[in-house]
Number of protein chains: 2
Amino acid sequence: MSSAALDDLINAVGPDVVTCDAVVMDRYRYDWAHDERAGMPLAVVRAETAEHVQAAVRWAAEHRVPVVPRGAGSGLSGGSTAVDHGLVISTERMRAISIDPAARVAIVEPGALNAEVKAAAAEHGLWYPPDPSSYEICSIGGNLATNAGGLCCVKYGVTTDYVLGLDVVMADGTLIKLGGIRVKDVAGLSLTKLFVGSEGTLGVITRGILKLVPKQPDKATLVATFADVEAAARAVVGMCAQIRPSMLELMDGLSINIVEDYLHMDLDRTAGAMLIAQSDAPGGARALEISIMEKVCAELGAKECFVTEDPDEGELFVAARRAAFPAIERRGSLLLEDVGVAVPLLPELIDGVAKIAQQNGIEIPVVAHAGDGNTHPNIIYDASDPDSRARAHGAFDQVMQLAISLGGTITGEHGVGRLKKDALPDLLGPDVMALSHKIKNALDPDGIMNPGAVL
Amino acid sequence: MSSAALDDLINAVGPDVVTCDAVVMDRYRYDWAHDERAGMPLAVVRAETAEHVQAAVRWAAEHRVPVVPRGAGSGLSGGSTAVDHGLVISTERMRAISIDPAARVAIVEPGALNAEVKAAAAEHGLWYPPDPSSYEICSIGGNLATNAGGLCCVKYGVTTDYVLGLDVVMADGTLIKLGGIRVKDVAGLSLTKLFVGSEGTLGVITRGILKLVPKQPDKATLVATFADVEAAARAVVGMCAQIRPSMLELMDGLSINIVEDYLHMDLDRTAGAMLIAQSDAPGGARALEISIMEKVCAELGAKECFVTEDPDEGELFVAARRAAFPAIERRGSLLLEDVGVAVPLLPELIDGVAKIAQQNGIEIPVVAHAGDGNTHPNIIYDASDPDSRARAHGAFDQVMQLAISLGGTITGEHGVGRLKKDALPDLLGPDVMALSHKIKNALDPDGIMNPGAVL
């Protein structure tokens, strides 16, 4: 790239917006996937407006320069890993949030954090439900790009269920406006939904219109331990046949022990699985739902079953679940899996993961959004040991192949990014891959949008 | 078309599946839009399997023959109006439904009626929520093709929110399988969602995998009358800021009078608007939610407010709302509108519709899924009077332009079909139209799938 061309970029977007400083750019090369293959970009554009994004993409299109869109950089699949000689377009500075309480929508810029959107909605007694575990540090733009999930999805759905409209800068720099403040809208193709979860491969999202709902009522919590994952999974099926818990998480025996090592909260180290469930049904219905959950756990031979209406006490157990990630991280480097299956197949999936762990001589504790069949096997390895690293990466692939063999998915909520790209054709097959490429090529004929990710 | 070519079709698909009988084919020319411009097809394929659909589409692709996919023919926008020299592919014979109660999914063929899917789910204590008013006669295939809504959408969402997977026959006859039995899945582009609501313009849906939820709890009903639409709309905003009603319907004064003429159930003829709301919160929470609704209605000066926990008594009022369509139909021919706006703009929309009615010298009673801002202005005209017809069609277009001017949509749940095609560019603008055409052309380069509909 000639320096004259880079000057064009700086002139088009503004010197305060573009940086080519290697030290600064290094902070924009990786996301939480820590992909060692990350490239060194030509420049990082820290856009403050949609016009900045348009100008940068127009420049990239003219010079056939790859564009990697980036939110908060908390992605777990390498979707915003920088590529050599590419442009990183960061939306971290685009953080405006406005709430229309009467229409119950939030109009947000992509750099706003999920937690900031929740807080802005809460000021009006409203709630934006999607809640990735990383909600305090992840951006709405990244949530939209990956169709992020979370803990309350089992009752409240995922990101796409809350998206009423999007502004997107296309690969030629055109800004398109999709949807609007209207809850039901079937006019034309479902383009808004196509862009949600497209991981920056079709365009750069510069604004979202998000549906809000009334604030969540108080929650009651049930914690139950089981001898094995199978009984716990059957309890999940039994509960979800009757009620809609607002949270339904599972930890396997290894996760329980690792969290107990970390938190010392007297968890049952002999349990094969633990369920953490919540009901947020209003008024007296909460106790009714919890009693149904208790009955199901008893019928399935739960070892212990503890119930609390006290939000703080309940939060202790949710915190134990959330602590799984930092607790596991203390034991080594991590490859964080995100495979999903039909809920009744959870025992097969988790048993299979245990076998893969054994065969590869590594630990893979599993936590799961059990009510959705979405699991996070955490592959622990020693990054300083090439053999351990190779076994971990082997296990990572084997877990995805296991999920595929069970009719499941290679990613429930984190996205394909770059880490799972090679497994996508195994999941989708040649016809769906061909169809995906047709759409990609129609919208981004020069392939400049996030090349190397997803497709 | 040569008779040899038609023989090829009959040989490929089977003589019991294809008909070229003009009398039989006449039944497949129209949907409920009764579009007088309907063409006469070459043949109707009453497919029994996905292979029949594939063989028919392959034949159509080879001969560049237009394909109009058709479910139960209950569409209201002319999406399955036949075209001259085209092929109608009816899925009415593909009606298999299988329920997996543990995974809580229904696997359905497109000809199955919505009511049949609901009934099959209910046998396992489960529920498929989307409930178009026509649920007893509309097919799931049509629901998927239009992303159909209904009365419970205000709390439970629309069709797309329940679609986990689709089988689709593409324009070249390839059968692709999207998604699967997995609640959360972000692997690759959101293709499943792209086909939902595509109105047969991208392919023919031959199977759906639908998410089910536990059966709906009992409902309590509130009926409140207001002096004007504005107060009723403000009550809708007030309720939805605090709770999530499971139904929230509005009838304007004219609709109330027309239904009262029809049912003689002592509705208040002086009311400017009536709300019919339900809560299905479990246990004691139902009464809590109803009391919140009552309080909001009182604050907004409701003329009358009636509450019942008796499901049969509640159903009387829901029946009054559902009777609006037959009651109105007695007064003449109908053009059924489906425009939507942000909920706080309902008064502007309904006032504007009243003005359009007055200017054109016709009656346009309005019923609305008020909680979603989705309204059905019913344009009544005399089909035997060309002038009345012209005024009705003029009003139809004016109502869409009004919705667009308020930032709304020209169709909330019925689809664009052929009746609203001309207004779509006014809503979407040239860039989104161009993007839509890019996707259409990428997937159906010869333009054989439902030509003349939507795009």
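As annotated in an unreviewed UniProt entry, chain A carries the name FAD-binding protein and is attributed to Microlunatus elymi. Regarding chain A, the relevant UniProt record gives this comment under Sequence similarities (unreviewed entry): "Belongs to the FAD-binding oxidoreductase/transferase type 4 family." Among the UniProt annotations of chain A, the heading Cofactor (unreviewed entry) holds the following wording: "FAD".

1. Looking at the overall build of chain A
What chain A contains, in helices and strands, is 15 helices and 18 strands. Projected onto its principal axes, the C-alpha positions of chain A cover 70 × 60 × 40 Å. Counting over 455 residues, chain A shows a buried share of 63%. In chain A, 71% of the contacts between residues at least 6 apart in sequence involve partners at least 24 apart. Per element, the accessible surface of chain A, about 15600 Å² overall, is 50% carbon and sulfur. Each charge class in chain A can be summarised by its mean position, and for the 38 positive and 60 negative side chains these summaries are 4 Å apart.

2. Remarks on a negative patch on the surface
On the surface, D228, E230, E348 and D351 of chain A cluster together into a negatively charged patch. Considering the arrangement of structural elements, one finds D228 of chain A in the loop between β12 (220–226) and α8 (229–240).

3. Thoughts on the packing of aromatic side chains
Note on aromatic pairs: each is described by the distance of the centres and the angle between the planes. In total, this model carries 7 aromatic pairs over all chains according to the counting rule given. Ring centres of W127 of chain B and Y156 of chain B lie 4.7 Å apart, and the angle between their planes is 80°; this geometry places the pair in the edge-to-face category. Here the residue W127 of chain B occupies a position in strand β7 (residues 126–127), and Y156 of chain B occupies one in helix α6 (residues 153–156), the gap between them amounting to 29 residues. Per residue, the accessibility class of W127 of chain B equals that of Y156 of chain B, and both read buried. For K211 of chain A, the ring lying beneath its charged end belongs to Y162 of chain A, and the centroid distance is 5.9 Å.

4. Structural notes on helix α13 (residues 346–360) of chain B
Residue and element names in this part refer to chain B. For α13, built from 15 residues, the straight-helix expectation of 21 Å at 1.5 Å per residue is met to within 8% by its first-to-last C-alpha distance of 21 Å. Within α13, the full set of buried residues consists of L346, P347, L349, I350, G352, V353, I356, A357 and N360. Considering only its buried residues, α13 is in contact with α8 (229–240), β13 (247–252), β17 (366–369), β18 (374–381) and α14 (386–405). G361 sits one or two positions beyond α13 and adopts a positive phi of about 60°.

5. Side note on the pattern of salt bridges
Summed over the entire model, instances satisfying the criterion amount to 46 salt bridges over all chains. In this structure, D280 of chain B and K155 of chain B form a salt bridge, with 2.7 Å as the shortest nitrogen-oxygen distance. Of the two residues, D280 of chain B is situated in the loop between β14 (273–279) and α10 (285–299) and K155 of chain B in helix α6; the sequence distance between them amounts to 125 residues. Using a relative accessible area of 2% as the deciding quantity, one classes D280 of chain B as buried. Salt bridges here are not isolated pairs; linked through shared partners, they connect D261, R269, R331 and E363 of chain A.

6. Considerations on the domain arrangement of chain A
With domains assigned, chain A is organised as domain 1 (3–90), domain 2 (97–214), domain 3 (220–325) and domain 4 (331–405). Summarising the inter-unit geometry, the C-alpha centres of domain 2 of chain A and domain 4 of chain A are found 30 Å apart.

7. A word on the packing of helix α15 (residues 424–443) of chain A against helix α15 (residues 424–443) of chain B
It is the contact of α15 of chain A with α15 of chain B, at a shortest axis distance of 9 Å, that shows an interaxial angle of 140°. It follows from the interaxial angle that α15 of chain A and α15 of chain B lie oblique. The chirality of how α15 of chain A crosses α15 of chain B is right-handed. In this structure, α15 of chain A contributes L435, K438, I439, A442 and L443 of chain A to the contact, and α15 of chain B contributes L435, K438, I439, A442 and L443 of chain B.

8. Topic: the interface of chain A and chain B
At the junction of the two partners, chain A supplies 84 residues and chain B supplies 84 residues. For the pair chain A and chain B, the two sides together bury roughly 6000 Å², of which 66% comes from carbon and sulfur. Here chain A is connected to chain B by 4 salt bridges. For E413 of chain A, the salt bridge is made with K184 of chain B, and the minimal N-O distance between the two is 2.8 Å.

9. Regarding the packing of α8 of chain A against helix α10 (residues 285–299) of chain A
Working note: a packed helix pair is described by the angle between its axes plus the distance between those axes. Residue and element names in this part refer to chain A. The contact between α8 and α10 brings their axes to 9 Å, and the two run at 145°. Between α8 and α10 the crossing geometry is right-handed. Between α8 and α10, the contacting residues are A235, G238 and M239 on the first element and M293, V296 and C297 on the second. Across the contact of α8 with α10, the residue classes tally to 5 nonpolar, 1 polar and no charged.

10. Quick notes on the nonpolar core
Counting residues in hydrophobic clusters, the biggest one holds 193 residues, and the most contacted among them are F195 and L424 of chain A together with F195 and L424 of chain B. In contact with L424 of chain B, other than residues within four places in its own chain, are A187 and G188 of chain A together with I410, V416, M433, V454 and L455 of chain B.

11. Observations regarding the pairing of strand β5 (residues 97–100) of chain A
Of the strand pairs in this sheet, β5 of chain A and strand β6 (residues 105–108) of chain A are connected by 4 bridges, and their pairing is antiparallel. Note that in β6 of chain A the partner of I97 of chain A across the bridge is V108 of chain A.

12. Some words on the state of the cysteines
All names here are of chain A. Here the structure, examined in full by the defined rule, presents 0 disulfides over all chains. Left unpaired, C305 is separated from the closest cysteine sulfur, that of C297, by 4.5 Å. Its relative accessible area of 35% is what places C305 among the partly exposed residues.

13. Details of the relation of the copies chain A and chain B
Of the two same-sequence chains, chain A is brought onto chain B (RMSD 0.0 Å, axial shift 0.0 Å) by a rotation of 180°. Such a combination of turn and shift is consistent with a two-fold rotation axis. A shared binding surface is used by both copies, with 100% of the interface residues of chain A retained as interface residues in chain B.

14. Some thoughts on the UniProt feature "domain: FAD-binding PCMH-type" (unreviewed entry) in chain A
Under the local residue numbering, the UniProt record ascribes the feature "domain: FAD-binding PCMH-type" (unreviewed entry) to residues 37–215 of chain A. Secondary structure within residues 37–215 of chain A divides into 22% helix and 25% strand; the distance between the first and last C-alpha atoms comes to 43 Å.

15. What to know about the environment of L406 of chain A
All names here are of chain A. Within the secondary structure layout, L406 lies in the loop between α14 (386–405) and α15. A residue is classified by how much of its surface remains accessible, and L406, at 19% relative accessible area, is buried. Placed 256 residues apart in sequence, L406 and G150 show a C-alpha to C-alpha distance of 22 Å. Residues within four places of L406 in sequence aside, it is in contact with V341, L345, E348 and L349.

16. Quick notes on the sheet that holds strand β2 (residues 43–46) of chain A
Residues and elements named next belong to chain A. Pairing is mixed in the open sheet, where 4 strands are placed in the order β1-β2-β4-β3. Edge positions in the open sheet fall to β1 (18–19) and β3 (67–70), since each of these has one partner strand only. Strand direction decides the pairing type here: β1 and β2, joined by 2 bridges, are antiparallel. Bridge assignment links V18 to a residue of β2, and that residue is V45. Contacts between helix α1 (residues 3–13) and the sheet are confined to β1, β2 and β4 (87–90), with β2 contributing the most and set at about 5° to the helix. Against the sheet, helix α3 (residues 50–63) makes contact with β2, β3 and β4, and its axis sits at roughly 165° relative to β4, the strand it touches most.

17. Points about the sheet that holds β17 of chain B
Residue and element names in this part refer to chain B. Spatially, 7 strands are ordered β15-β12-β14-β13-β17-β18-β16 in an open sheet, and the strand pairing comes out antiparallel. One side of each edge strand has no neighbouring strand; the edge strands of this open sheet are β15 (304–308) and β16 (333–336). The sheet shows a mean angle of 15° between the axes of neighbouring strands, direction not considered. In this structure, strand β12 (residues 220–226) lies alongside β15, joined through 5 bridges in antiparallel fashion. Counted as the bridge partner of A224 is C305 from β15.

18. Here we look at unusual backbone geometry
Its identity as a non-glycine residue notwithstanding, N450 of chain A has a phi of 45°, on the positive side. Turning to its location among the elements, N450 of chain A is positioned in the segment after α15. A relative accessible area of 1% places N450 of chain A in the buried class. Unlike most non-glycine residues, H85 of chain B shows phi in positive territory, near 60°. Secondary-structure assignment places H85 of chain B in the loop between β3 (67–70) and β4 (87–90).

Analysis parameters
Residues numbered from 1 in each chain as written. Chains lettered and ligands numbered in written order. Predicted model: local features only at pLDDT ≥ 70, side-chain atom pairs only at ≥ 80, totals over all residues. Heavy atoms only, no water. UniProt positions renumbered as here; feature names shortened; annotations may be inferred. Helix = DSSP H or I, 4+ residues; strand = E, 2+ residues; numbered from the N terminus. Buried < 20%, exposed > 50% of the residue type's maximum accessible area, 1.4 Å probe, protein only. Contact = heavy atoms within 4.5 Å. Areas by Shrake-Rupley, 256 points an atom, 1.4 Å probe, with all protein chains shown as cover. Lys, Arg positive; Asp, Glu negative; His and termini not counted. Charge placed at Lys NZ, Arg CZ, Asp CG, Glu CD. Patch = residues over 30% accessible without salt bridge, like charges linked within 9 Å, V, L, I, M, F, W, Y side chains within 5 Å. Salt bridge = Lys/Arg side-chain N within 4 Å of Asp/Glu carboxyl O. Phe/Tyr/Trp six-rings, centres within 6.5 Å; stacked < 30°, edge-to-face > 60°. Lys NZ or Arg CZ within 6 Å of the ring centre and 35° of its normal. Expected span 1.5 Å × (residues − 1). Domains from an automatic or database assignment. Axes fitted to C-alpha atoms, helices over the stretch in contact; angles between N-to-C directions. Parallel < 35°, antiparallel > 145°, perpendicular 65-115°, else oblique. Left-handed = near helix turned anticlockwise from the far one by under 90°. Buried area = accessible area lost by both parts, 1.4 Å probe. Nonpolar A, V, L, I, M, F, W, Y, C, P; charged D, E, K, R; others polar. Core = buried A, V, L, I, M, F, W, Y, C linked by side-chain atoms within 4.5 Å. Pairing = 2+ DSSP bridges. Disulfide = S-S within 2.5 Å. Least-squares fit on C-alpha atoms with pLDDT ≥ 70 in both.

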